[in-house]
Amino acid sequence: MKIAQNTVVSVNYKLSDAQNNLIEDGAQPMVYLHGGYENTLPKIEEELDGKDVGYTSTIQIEPEDAFGDYDPNLVKVEERKRLPEPLEVGMQFEGVAEGAEDEPTIFTVTEIADDKVVLDGNHPLAGMALRFDLSVIDVRAATDEEIQHGHVHGAHGHDHGHGDDEDDGDAGDHFRSQPLN
Ligand SMILES: [Zn+2]
């Protein structure tokens, strides 16, 4: 079956930066609903569209087509006492960036001093060109329910009780939990 609108694609991947430093070795395949549902990067969909099981490819995606340029305005210094303890570099907090009041931003702790903490609201992969080694391992038709929800259900997909309110439109979470965490 060829990859087309409303197919569920399983793809083994390896993610590196433009210098070929491994970022993630994709121990689990990425499984996404194809067709502009923002389950994965549009450039990956573009590359795989019309392809079949067994197709392999290496693509490089520039920052503007991945997680954007690095924005120094998203870095802020916070009083340490305003954050919970114990605090470690790499911990993430949801916060609100100035000028983006209606949209929560995930901040990552990048530095800790005695009384100050540096929080970076950029996506960890912002500003980076990303190189994906892709290998398509499965293609199947999506179920009506998956199409309606705009994401994959099942073993490697999104798992939730049905009838619950959907909190979709959280492309960031998709990117964070699969494939880039
Ligand atoms: Zn669902």
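Residues numbered from 1 in each chain as written. Predicted model: local features only at pLDDT ≥ 70, side-chain atom pairs only at ≥ 80, totals over all residues. Heavy atoms only, no water.

Enquirer: I'm lost on the packing of aromatic side chains in this one. Help?
Expert: Any aromatic ring pair is given by two values, namely how distant the centres are and how the planes are angled relative to each other. In this structure the tally under the stated criterion is zero aromatic pairs. Across from the ring centre of tyrosine 55, 4.9 Å away, lies the NZ or CZ of lysine 51, which sits over that ring. Over the ring of phenylalanine 107 we find lysine 76, and its NZ or CZ is 4.6 Å from the ring centre. (Phe/Tyr/Trp six-rings, centres within 6.5 Å; stacked < 30°, edge-to-face > 60°. Lys NZ or Arg CZ within 6 Å of the ring centre and 35° of its normal.)

Enquirer: Honestly, the nonpolar core in this entry has me stumped. Any pointers?
Expert: Counting residues in hydrophobic clusters, the biggest one holds 20 residues, and the most contacted among them are Leu41, Ile44, Leu48, Ile61, Leu130, Phe132 and Leu134. Where this core is concerned, the elements lending two or more residues are β1 (7–17), β3 (30–33), α1 (42–48), β4 (56–61) and β9 (130–141). At five residues, the largest contribution of residues to this core is made by β9. Not counting the four nearest positions on each side in its chain, leucine 48 is found in contact with Ile3, Val9, Val11, Tyr32, Tyr55, Leu134 and Val136. Leu83, Leu87, Phe93 and Ala97 belong to the second largest nonpolar core, which has eight residues in total. (Core = buried A, V, L, I, M, F, W, Y, C linked by side-chain atoms within 4.5 Å. Buried < 20%, exposed > 50% of the residue type's maximum accessible area, 1.4 Å probe, protein only. Helix = DSSP H or I, 4+ residues; strand = E, 2+ residues; numbered from the N terminus. Contact = heavy atoms within 4.5 Å.)

Enquirer: Sorry, what's going on with the sheet that holds strand β7 (residues 104–112) here?
Expert: In a beta sheet, neighbouring strands pair by backbone hydrogen bonds and run either parallel or antiparallel. Across the sheet, four strands lie side by side as β5-β8-β7-β6; this open sheet has antiparallel pairing. The sheet is open, and its two edges are formed by β5 (75–79) and β6 (92–96), each paired on a single side. Between one strand axis and the next, the sheet turns by 45° as a mean value, whatever way the strands run. Note: β7 against strand β8 (residues 116–120), four bridges, orientation antiparallel. The residue bridging threonine 108 from the neighbouring strand is aspartate 120, located in β8. (Pairing = 2+ DSSP bridges. Axes fitted to C-alpha atoms, helices over the stretch in contact; angles between N-to-C directions.)

Enquirer: Explain the side chain of threonine 108 to me, please; I cannot follow it from the model alone.
Expert: Locating threonine 108 in the fold gives a position in strand β7. At a separation of 3.1 Å, a polar atom in the side chain of threonine 108 contacts the side chain of glutamine 92. Among all residues touching threonine 108, those that are not within four sequence positions of it are Gly90, Met91, Gln92, Val118, Leu119 and Asp120. (Polar contact = N/O pair within 3.5 Å; in protein donor to acceptor, adjacent residues only side chain to side chain.)

Enquirer: Just to check I follow, could you spell out the environment of aspartate 52 for this structure?
Expert: Following the sequence through the fold, aspartate 52 ends up in the loop between α1 and β4. C-alpha separation for the pair aspartate 52 and valine 139, spaced 87 residues apart in sequence, amounts to 7.2 Å. Those residues within four positions of aspartate 52 in sequence are excluded, and the remaining contacts are Met1, Lys2 and Val136.

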